[in-house]
Structure formats: C-alpha cells, structure tokens
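# Topology and contacts: notes
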Amino acid sequence: MKRLALALTVVLAMIAGCGGSVLPQIHDEGGRLELARRLYAKNDAMLAVEVLAPFSTSGSGSGNVDEAVYLLGLCHLKLKDWLAAQADFERLQRDYPESDSAASSAFRRGEALWGQSRGPDFDQEYTLKALEQWMTFRREHPEHWLADEATRRIAEARARLATKLYRTGDLYVKLKEYESARTYFRNVLTEYSESALYGDALIGWAVATARLGQRDTAIATLRELETEHAGQPLALKAARAREAMAKWRPDRKPRPRRTAPNEPPLPSTPGAPTGLTP
C-alpha cells in the first residue's frame, strides 16, 4: 500500500508539473502582452516567446506592437538567441522610431551584437560593431537611464580591443618581427591610452625598439616608467626589462653571403683575363 501511495503521489506531481506550463486562455492582444510580461519576469523567456509569436512578424492590429517587439527582443537576449534579438531591435528602430522603447532598443541591439562577439584571441568584428552601437546610443541619448551602463560596456569593449592589439604585439616579439610588434604596441598607446595594459604596452614597445637598434631610447623610456610608477608592480616589471636589456649582446651584422658551390660564378667582364692559360 505504501508503494502504491508513493507511486500515485509521483504521478500526481508529474501531472501538476505538466499542467503548470499550460497557458491560460488569451482573450485579446493586451492580455497576451501582459501575460508575456509576467512570464518574462518569472524568467520563463521561452514560454514568453511562444505567447508573443503573433507579434514576431506582424502587429496583429495591436496598438502595443512596439512594446511587444521590444519584449520579444529581451526574451531572445535572455535565451542567448543573439541573431533573433538583433533582428527584433533592428525592426523596432526601423518600423517604430517614435516608440518609447526605441532608445532602449538601440542599447539592447549593442548587447545582441556583443553576444555574437568572441574573446581577444579571435576576430573582433562584432566587438567593433557593439562598440560603435553603444557609442552612437550614448551620443544620441546622453540622459537615458541606460547611458551609464553604455559607458561601462564601451569601456569593456575597448579593453578587449586593447588586449587584442597587445597580444598581437607580444606574439610578433616572440616571432622576432620587431617592427610589426612596435606598431601594435604603439596602437595600444595611442588609441587605448586608458587601458590597464598601457604600461605593459610601453614596455613591449621599448623591447621592440631596443631590438631594432635603439637601445638608449628604450632604456630611457623604461627608466621614466619606473619613476612614474615607483613602488608599483609595473615599475618592477620595467626595471627587470631594463636590466635584461642592458645585458643583451649587440646585434651582429649579417656576414656577406658567399657563392654556394653549386651556384654558377658571376659572369666575367668582356676582355678581362679568364684565369686560363693559353
């Protein structure tokens, strides 16, 4: 009997669980939108998308279609369906530019683009797109309630781009492509001066510069960095780089290339002795 009672309890629980996901009857589009809002608030974004399905391609004659499209985009963001979210927010900005949600949609579109981006070791196409979107949003809506968040996200995107440049420069140092390395480090210094990697990029630039034969300039740069950041880890790192640099041997000049045995000799000047005796 106990086993039977336990089995009945499990079955009833399963039935109740299934019934919990059944949508209530919807009488009008206003009720549909309100239900979707409640589902989204309860983190049931997938079910909210189903409720908002009539709004996915058309307005269904509702006066709140812009709100529905915006909510649909938020649901897609929560589900990490970045492409669908991007399409929702682009549609809202294109078809309903006068909507109260249009400005917020511009910010959220940046989030959808950011979701498609990858880390600093990969191509940064979508990082750049997201950055541009957030910068445009902040410029056009400086007083918006999401403006401060846009500023934070802009800083995050710029930090990733600076990291990309720095790592590329560091790779070129390892490959002994010092001119290319110096170019990438210089880009960090000039384009992302606020980056936390600024000091590291300056050390990298000094190393590449020294390898290119300008050791005195490099050592002077490192000494200045040590002075400016005395007592900080960056100063210690600069000092270590400078001390190692001072021990480097001067780069040897390439020896003149000799003609290999299997190569033909240079052509002789007409009229000059050939070295053969008649």
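None of the values given here were measured: they were computed from a predicted structure.

With that settled, consider the overall build of the chain. When its secondary structure is counted, the chain shows twelve helices and zero strands. Of the regular secondary structure in the chain, the N- to C-terminal order runs α-α-α-α-α-α-α-α-α-α-α-α. Counting the 278 residues in the chain, one finds 38% classified as buried. For the chain, long-range pairs separated by at least 24 residues make up 52% of all intrachain contacts whose partners lie at least 6 apart in sequence. Carbon together with sulfur atoms contributes 55% to the accessible area of the chain, which is approximately 18,100 Å² in total.

Membership of the largest hydrophobic core comes to 41 residues, with the highest contact counts inside it found for Phe185, Ile203, Leu222 and Met245. Where this core is concerned, the elements lending two or more residues are α6 (102–115), α7 (125–140), α8 (147–174), α9 (178–191), α10 (198–211), α11 (215–228) and α12 (233–246). Those residues within four positions of Ile203 in sequence are excluded, and the remaining contacts are Leu222, Leu225, Leu234, Lys237, Ala238 and Ala241. Judged by nonpolar contacts, the second largest core, of 24 residues, contains Leu33, Ala45, Phe89 and Ala112.

Moving on: unusual backbone geometry. A positive phi angle, close to 65 degrees, is found at Asn43, a residue other than glycine. Of note, Asn43 is situated in the loop between α2 (29–41) and α3 (45–51). Look at Asn43 and you get exposed, because its relative accessible area is 57%.

In this section: the pattern of salt bridges. One pass over the structure, following the stated rule, counts 16 salt bridges. One salt bridge connects Lys174 with Asp170, and the closest N-O pair in it is separated by 3.6 Å. In this pair, Lys174 and Asp170 both sit in helix α8, four residues apart, roughly one turn of the helix. Overall, the relative accessible area of 62% leaves Lys174 in the exposed class. The exposure class assigned to Asp170 is partly exposed, which follows from its relative accessible area of 28%. Where Asp200 meets Lys237, a salt bridge forms, and the shortest distance between an N and an O atom there is 2.5 Å. Residue Asp200 is found in helix α10, and its partner Lys237 is found in helix α12; the two are separated by 37 residues along the sequence. Sharing partners across several salt bridges, the network here consists of Arg108, Glu111, Glu149, Arg152, Arg153 and Glu156.

Here is what the cut-offs are and how they apply
Residues numbered from 1 in each chain as written. Predicted model: local features only at pLDDT ≥ 70, side-chain atom pairs only at ≥ 80, totals over all residues. Heavy atoms only, no water. Helix = DSSP H or I, 4+ residues; strand = E, 2+ residues; numbered from the N terminus. Buried < 20%, exposed > 50% of the residue type's maximum accessible area, 1.4 Å probe, protein only. Contact = heavy atoms within 4.5 Å. Areas by Shrake-Rupley, 256 points an atom, 1.4 Å probe, with all protein chains shown as cover. Core = buried A, V, L, I, M, F, W, Y, C linked by side-chain atoms within 4.5 Å. Salt bridge = Lys/Arg side-chain N within 4 Å of Asp/Glu carboxyl O.

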